[in-house]
Every structure is written in C-alpha cells, then in structure tokens.
Amino acid sequence: MTALDLPAVSPRAAAPGRLVPAVVYAATVFLSAGLLFFLEPMFSKMALPLLGGSSAVWSVAMVVFQGLLLAGYLYAYLLTRTLPVRLAAIVHAGVLAAGLLSLPIAVQSGFGAPPAQGVSLWLIGLFLASVGLPCFALSANAPLLQAWFARRGAAESTKAYFLYRASNLGSFAILLSYPFAIEPNIGLAGQSRLWSIGYLLLAVAVAACGVLVWRLPATFAAAAAPVSAAAIRWRDRIAWMAFAFVPSGLLVAVTAHIATDVASAPFLWIVPLALYLLTFVFVFTDKPTIGPRAMLALQPATVAGLVLLFLWTTHVPWGLALLGHLAAFFVAAMVCHARLYARRPDAAELTQFYVWMSLGGVLGGIFAALVAPQIFHSVAEYPLLAFAALLLRRDVWTTPRAAWLKDGIFALGIAGALAAAFFLLGKPVALFAVGIMALAALLALSGTSPARFLPLAALLLAASHFYDPSQSIVYRGRSFYGVYKAVDIDGGRFRVLFQGTTAHGGERLRNDDGSPTTGRPDPLTYYYRGGPFSSAIQAQRARMGGTLHDVTLVGLGMGALTCDARPGERWTLYELDPLSVAIAHDTALFRSVSACAPAAPVVLGDGRLTLRDARPGVELLILDVFSSDAVPTHMLTREAFALYKARLAPHGTIAINISNQHLRLAEVVAASAEANGMVTAVKRDPQKTDRAKLHMQAEIAVVARDAADMAALKLGPDWRIVRGDGTRVWTDDYSAILDAITAKLRE
C-alpha cells in the first residue's frame, strides 16, 4: 500500500491537532541539522593543527560526514521498513543515548602525529573515533522524523519533504553563523559545551516526537512503514545517485580550487557548503523560489565565467574570483538538485530515496577528495565535474540529432578556425586569450542550444584549465597538503615554485647574457638579498657575533632560505609535506638545498608537533609556514609562542613571514608574543614586486625575548614596534580569521 492507502481513519484520529506536531517536527529537524553542521566546522578546526592547517582537512571532513549521513539514512530506511514505529522510536532513543558517550566533543586520545603516508585514512579514523557516534545519530534524524511525520495521514505525507527543507535551512543557518557569530566570540572548549547542551535539548525534542508517534492510533503504530505502490526502478536509483554525485563532488572540488588558487582561509571553506545546502532549501518544494528554467538559462553563462577565471587566475581580484566560482557552483548544484527533486518518489519511499541520494553524494565526495588527488596533478576534477553538470541537463538528452549536427559543427568550426590561426601564427599568447574570450562569449549566449554549448564548454574548460601558453610548466605535483607546479618564467631566466597561485621561492636559471647560472643561488621572491627577511637574519647573525650556531627553519618551500646559511652554522629544516621536501632536493628542479645546505637534517611533520621534541638553544627560529597563501592559525597562538620561546637560546630571535594578501597578521603575532612577555617588530617591504629581478613584496615580523634584545638587534628605522592592543589573543582554543580578513580590508 502507499502512504495514501493506510487504514481509513478520520483526520482527527490520525493526528490530534496538526499545527503543534508540525511545529515540533520542524523544530526538531531544524535543531538536528544545525547541530550536525555545527559539529563539522568545530571539529575540523580542532583537527587542523594536527595537519598543518591544510584545506584538505575540510575536504576529508566533508567525505566523512557524507559517509555518516549515508549510514544514518540507511539505518533510518531499515528501521522504518522492519520495525513497528513505536519500537523504532525506542531503538532510536538508544542510538541517541549512545552518542552521549562522545561528549564533550574533543580530539580522541591516542591520535598523535599523522603518518607520512596515508594521511587521508588516518584523518578518517580520527573523525570516526571522535565524532562518529553522535554524527551518525544526528544523520538519521532527518529521514526518520520525516517518515514518522508522513505516517500521521495523507495531508502530512504530502508535507514530509518540507521537513527536508527545514533540515537544510537549519544547516545553512548554523554554517553562516559559525564564522560571523560563533567563532569570533566562543573558543573551542566553549563551543563543545554549547554543542553538548544542544545535543541534550535535541534528545528531549526527539523524545517529544516519539511521544507524538506513540499517540498514533494502533493501526498506524503497530506496522512498519508502508511500501509505495509505484515500483522503484533501478534507472530511478541510478538517476538519484547521478544527480547527487555531481554537485557533491563539485562541492569538494570548488572548495579545493578556492583554497588552492583563490584564497586559503578556513572562513571561506564554509561558504560553498552553505550554498550547497541552500540549493536544497530552494529546490525541494513544488513552488520553488528560483525557477529551474532560470538556472538552466544561466548555467552556460556561469561556465563561460569559469573559463575566464581559469584563463586569468592570477589577474582577477580574489573577491571577484570567489564570487564567480561560487556562482557557477550554485547554479550547477541548483540544476542537478532540481532534477533530483523532480524524480523523487512519494513520501512512502522517501527513506529509500535519501539512501540512494546520499550514496551518490558519498561517491562524489570520495571521487573529489580521495581519488582525484591520487590521479590528477592539478584540481582537474573541478572542470570535469562542471562539465558533468551540463551533461545532466534534461535538454541535452532531448535535443534532436539534426540540431547536434548543425549547431555542433558550427561551434567546432569556429573553435577549429581559432586554433588553426593560433598554431599557424606561432602560438601567440594574445591570440590565445582573445580566442578563449570570444568562444566564452559564444558559450554564454548558447543557453538554449545544448548542441552548441556542450562542445564549446568541453573545449574551453580543457584549454583554459590544462593549457597556458604564457607559462612553461616543468613540473606538476599534488599531495594531501597542496598542489605544486614549477614554472619557468621571463623566457627561462627564472624558475618559481608555486603552491596554488602563491610563490614558494624561486631561482635564477640564466644570467642576463643568456648563460646558465652556476655556483650558490641567490634567494629570490620574498627572500631576496636586502629584503626584510634577509635583513632580519643578518641582524640576528650580527647580534650573535657573526655566526648563527643553531638555526631552525620551519617551512621549506623550494629551499630558498637555506642559501642564507653560512659555513659553520647548523641549520635544521622542518617541513610538513614530504612532496615539498622531494621537490626541494630534486636537483633537476632546484639547486638551493643541494648547493647551500646539502647536509641539513630534515624533520617531517607539523611544526608545532615536531618542535616539541627539538632541543633548546636555537639562536634563530625562522617560521615560513604557509598552506597556499594562509599561515596556519595554530602556529600563531599564545601556546605556540610559549613553545617557540622555550626552544630559543638566551638571546634567540624569531623571524616570521606574515606576507599575506587576505589576512592582517602583525597585531595577531604581537598579541601572542606579548602574552609570553616578548616584543615584536614588523617591516613591510616598501617596494612593490619587481618582476625583472623576481623580488616580491614581503612583510616580516621579528620577535625578541624582551625590549633589550630587540634593541640589541639594531634592525633599523624601517622596522616598527607593533603591539597587540585591542587584539584578542589567539589561543589553541580561540582564533578569529574573520577579524584578520576585515582588518586587511580596512588596511
């Protein structure tokens, strides 16, 4: 029988009052979803320090939570199919009670430093051990409560999908609240206590729903959920999976791209997930706020925008780039989720529907977060999934063959003509850019012709993402911690290592006369001779009598800073990413380490974790730690500076690279230093980036034990003493990325 074929019971008997139950169920689903998506950023922030602040932590977190959602949906499906509703309520109460064993939320003991290999699996284990139980319990609430609500009668069964909108609205609300209201005002310990209180309130709310279930007439409560009369076909299940796979994978991919090539800040990682959830709120209704036709018309235009963003990655302001990527993702997710909702079954099969939808989401997340980094050297999954979202449009599969022949040949003919001109004229960069922009304009105007926009999108996404005639890329690599490329620029005079769009050092390959360089390389980019970093090192060397006997460098890059080492000095190198170490030591790519510090020992692991085991007596501690363009927050806390101070020699000094496009960090460093009785001076390079010399504008902070040690450094008038006045001290429990972003914007 279907949900509408239940035993004949009057509406009053079926549901003694409709408004109160609807409010109770909606509020419970809203709170449950809010707690679930409060848990994700909160625990991810707890885990970040173990993995150097890498954005990949967030990608893996999304996969883990999607997997737990699938487990929760499958559990809800089996519970509603096999047990009477009253017994199912008792079982679920036990599952919620088991979640109490994980309170308060914290990193599970027994997980120390992550391994050099298999970091993703280690992180999955950490998440499951720490938050697996409560997350599983919360994941089951949305489909289970919807199924219970649908049992209340025909009128309620038609409204069950409304509760899914309430669930996603709760998730969206908490995700937006986290960076703006929760993170800036409440530390992690306080967040954990607040979450525990919320979980207890949820248990009471679910119990109230259970009471409403218990009060159902016996004919309703004694049986398991009814089965829909309309048979669910395998083609329906595969469609549900496909429509969920693409936006889920695209969510992980666009987040990775934003963190790699736009701006790497935890505050920004939340935004794509919030938009992803908002699409369900807009789409899962018979009267959508935003019509599917509008999204279908916009999709080719937003893909054309992506093409231009790929083409001009390093030239578009990060705010504009962020808006473009988020708009393309939102439209693609809306198109896919609209088709998903259009293929939904009736309410009697909603738990099965959510299982298959969730399975597609998990597989999409696994592909983008775990598989793609192993098979691609760039974030290639992003354009591939953007194209897949176009393939899922209904009009792609209903377009007549004649249209494919006419419009497809027209589009390919124009592209072929531009490609021929490009190669015949010797691959001029200007023609490539003009050709891409012209075809992107044609793509944006082809929204009503799938036969035209599909081949154009395939060509443009491939050309703009995988090919760049303005760069000579000699190496690509990807690890858990980032995407790297070594690029020859300025006609092969220089070679630069990029992580994302951020330079992590460079070397001169050829002299001005074209001859190959020999001997000891000069540090370039942020580390050039006479720059703030160089002057800080020289000042401490002079302070210590001309030789630094013990130097610790945290953050290797391609090894540029090792060429500041002098004979008789002992330098120890600390690096989180094994791939970065391999790149720096590969003499076919860079010579700095092999020429300047070939015998320097390398310690693998997060700087905070590995420095705990370092011996005291460091005369100069250099911190050059970046995940793309972001300094990991746990390296800037009060506790971090207490560790640094404990490792310093009596007159030791810390030099920190705080150069950043998006965060103002000088006052953050000063506040953490002051909390440990230390003094901070900062210099921002007055000159802008000099591409002819490969000198990049740097901002460096020097931290000394006290004012006397700072004065003894004799840094010079360009250095200014910075205080943390008005800046709340960052701790391992509290940090406010948004404050640093807004301070940078005001600057």
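First, a word on what this report is: a plain description of the structure on this page. (Residues numbered from 1 in each chain as written. Predicted model: local features only at pLDDT ≥ 70, side-chain atom pairs only at ≥ 80, totals over all residues. Heavy atoms only, no water.)

### Some remarks on the sheet that holds strand E10 (residues 679–684)
Each strand in a sheet pairs with its neighbour through backbone hydrogen bonds, running either in the same direction (parallel) or in the opposite one (antiparallel). The eight strands are arranged E7-E6-E5-E8-E9-E11-E10-E12 in an open sheet whose pairing can be described as mixed. Each edge of the sheet is formed by a strand with only one pairing partner; in this case those strands are strand E7 (602–604) and strand E12 (720–722). On average, adjacent strands in this sheet sit at an angle of 25 degrees to one another, irrespective of strand direction. Summarising the sheet, strand E5 (residues 550–554) and strand E8 (residues 618–623) pair through four bridges and their orientation is parallel. (Pairing = 2+ DSSP bridges. Helix = DSSP H or I, 4+ residues; strand = E, 2+ residues; numbered from the N terminus. Axes fitted to C-alpha atoms, helices over the stretch in contact; angles between N-to-C directions.)

### Description of helix H21 (residues 578–585)
What H21 keeps buried is the set Leu 579, Ser 580, Val 581, Ile 583 and Ala 584. For H21, the secondary structure elements touched by its buried residues are strand E1 (472–479), strand E2 (482–489), strand E3 (494–499), strand E6 (570–575), helix H22 (592–596) and E7. Capping the start of H21, Asp 577 holds a side-chain oxygen 3.0 Å from the backbone nitrogen of Leu 579, two or three residues further along. (Buried < 20%, exposed > 50% of the residue type's maximum accessible area, 1.4 Å probe, protein only. Contact = heavy atoms within 4.5 Å. Polar contact = N/O pair within 3.5 Å; in protein donor to acceptor, adjacent residues only side chain to side chain.)

### Overview of the nonpolar core
By size, the foremost hydrophobic cluster in this structure holds 153 residues, and its most contacted members are Met 42, Leu 51, Leu 123, Trp 195, Phe 284 and Met 357. Examining the composition of this core, we find that 16 residues originate from one element, helix H3 (residues 56–82), more than from any other. Beyond its immediate chain neighbours, meaning those up to four positions away, Met 357 contacts Tyr 73, Tyr 164, Trp 240, Ala 244, Phe 280, Phe 284 and Leu 340. Trp 571, Phe 590, Ala 681 and Val 702 belong to the second-largest nonpolar core, a separate cluster that totals 49 residues. (Core = buried A, V, L, I, M, F, W, Y, C linked by side-chain atoms within 4.5 Å.)

### Quick word on the packing of helix H17 (residues 401–424) against helix H18 (residues 429–444)
Across the interface, H17 lies against H18 with an axial gap of 10 Å and an inter-helix angle of 170 degrees. Classed by the angle they form, the pair H17 and H18 counts as roughly antiparallel. When H17 is examined against H18, the residues Phe 410, Ile 414, Ala 415, Leu 418, Ala 421 and Phe 422 are found in contact with a partner set consisting of Leu 431, Phe 432, Gly 435, Leu 439 and Leu 442. For the contact of H17 with H18, the class distribution of residues is ten nonpolar, one polar and no charged. (Parallel < 35°, antiparallel > 145°, perpendicular 65-115°, else oblique. Nonpolar A, V, L, I, M, F, W, Y, C, P; charged D, E, K, R; others polar.)

### Looking at the state of the cysteines
Under the defined criterion, the tally for this structure stands at one disulfide. Not part of a disulfide, Cys 135 finds its nearest cysteine sulfur in Cys 209, a span of 19 Å. Judged by its relative accessible area of 0%, Cys 135 falls in the buried class. (Disulfide = S-S within 2.5 Å.)

### Digging into the packing of helix H4 (residues 85–99) against helix H8 (residues 188–214)
Contact geometry of H4 with H8 gives a least axis separation of 10 Å together with a crossing angle of 175 degrees. Considering their axes alone, H4 and H8 lie roughly antiparallel with respect to each other. Between H4 and H8, the residues in contact are Val 85, Arg 86, Ile 90, His 92, Val 95, Leu 96 and Gly 99 and Tyr 199, Val 206, Val 213 and Trp 214, respectively. A breakdown of the residues in the contact of H4 with H8 according to their chemical character gives eight nonpolar, two polar and one charged.

### Details of the sheet that holds E1
Across the sheet, four strands lie side by side as E1-E2-E3-E4; this open sheet has antiparallel pairing. Each of the sheet's edge strands pairs with one partner strand only, and the pair in question is E1 and strand E4 (502–508). Neighbour to neighbour, the strand axes of the sheet diverge by 15 degrees on average, direction disregarded. Pairing of E1 with E2, which is carried by seven bridges, proceeds in the antiparallel orientation. In the sheet register, Gly 477 faces E2, and the bridge partner there is Tyr 484.

### Some points on the side chain of Thr 562
Structurally, Thr 562 is set in the loop between E5 and E6. Engagement of the side chain of Thr 562 in a polar contact is seen with the backbone oxygen of Gly 559, the distance being 2.5 Å. Sequence-distant contacts of Thr 562, defined by excluding residues within four places in its chain, comprise Arg 520, Leu 553, Leu 556, Trp 571, Leu 573, Ser 592, Val 593, Cys 596 and Ala 597.

### Some points on the packing of aromatic side chains
In total, this model carries 17 aromatic pairs according to the counting rule given. With a centroid separation of 5.4 Å and 90 degrees between ring planes, the pair formed by Tyr 276 and Phe 280 is classed as edge-to-face. A residue pair is termed a helical-turn pair when its members lie 3 or 4 positions apart in one helix, as Tyr 276 and Phe 280 do in helix H11 (residues 266–283) at four residues. Side by side, Tyr 276 and Phe 280 carry an identical accessibility label, which is buried. When the centroid spacing of 5.2 Å and the interplanar angle of 85 degrees are considered together, the rings of Phe 480 and Tyr 481 count as edge-to-face. The same class applies to Phe 480 and to Tyr 481, which are both buried. Its guanidinium or amino end placed over the ring of Trp 234, Arg 237 lies 4.7 Å from that ring's centre, counting from NZ or CZ. Arg 344 extends its terminal NZ or CZ atom over the ring of Tyr 341, reaching a point 3.8 Å from the ring centre. (Phe/Tyr/Trp six-rings, centres within 6.5 Å; stacked < 30°, edge-to-face > 60°. Lys NZ or Arg CZ within 6 Å of the ring centre and 35° of its normal.)

### Some thoughts on the environment of Thr 285
Note that Thr 285 resides in the loop between H11 and helix H12 (292–311). Residues Thr 285 and Ala 342, 57 residues apart in the sequence, show an inter-C-alpha distance of 9.7 Å. Each residue touching Thr 285, except ones within four places of it in the same chain, is listed here: Arg 165 and Tyr 341.

### Some details on the pattern of salt bridges
The final tally for this structure, using the stated rule, is 19 salt bridges. Taking the shortest distance from any N to any O, the salt bridge between Arg 478 and Glu 381 comes out at 2.8 Å. Here Arg 478 is found in strand E1, whereas its partner Glu 381 is found in helix H15 (residues 381–391), with 97 residues between them in sequence. Owing to a relative accessible area of 15%, Arg 478 belongs among the buried residues under this scheme. In this structure Glu 381 comes out as buried when scored by relative accessible area, which is 0%. The salt bridge partner of Lys 683 is Asp 718, with a shortest N-O separation of 3.8 Å. With Lys 683 in strand E10 and Asp 718 in the loop between helix H26 (707–713) and E12, the pair connects residues that are 35 residues apart, well separated along the chain. Residue classification places Lys 683 among the buried positions, given a relative accessible area of 10%. Overlapping salt bridges, with partners in common, bring together Asp 490, Arg 493, Arg 508 and Asp 512 in one network. (Salt bridge = Lys/Arg side-chain N within 4 Å of Asp/Glu carboxyl O.)

### So, helix H5 (residues 119–150)
Here H5 spans 43 Å end to end across 32 residues, near enough to the 46 Å set by a 1.5 Å rise per residue. In terms of burial, H5 is a largely internal element, 26 of the 32 residues being buried. (Expected span 1.5 Å × (residues − 1).)

### Concerning unusual backbone geometry
Cis geometry is adopted by the peptide bond preceding Pro 104, which originates at Leu 103 and carries an omega value of -10 degrees. The topology assignment puts Pro 104 in the loop between H4 and H5. A positive phi angle, near 50 degrees, is found at Thr 525, a position not held by glycine. Positionally, Thr 525 belongs in the loop between E4 and helix H20 (532–543). Since its relative accessible area comes to 0%, Thr 525 is described here as buried. In this structure, Leu 694 takes a positive phi of about 60 degrees despite not being glycine. Within the secondary structure, Leu 694 sits in the loop between E10 and strand E11 (699–704).

### As for the pairing of E2
Across the eight residues that make up E2, a large majority, six, are buried. As consecutive antiparallel partners, E1 and E2 are separated by two residues. Where E2 meets E3, six bridges bridge the pair, whose relative direction is antiparallel. Paired with Tyr 484 across the strands is Gln 499, a residue of E3. Connecting E2 to the antiparallel partner E3 that follows it, the hairpin turn spans four residues, and Asp 490 within it adopts a positive phi of roughly 55 degrees.

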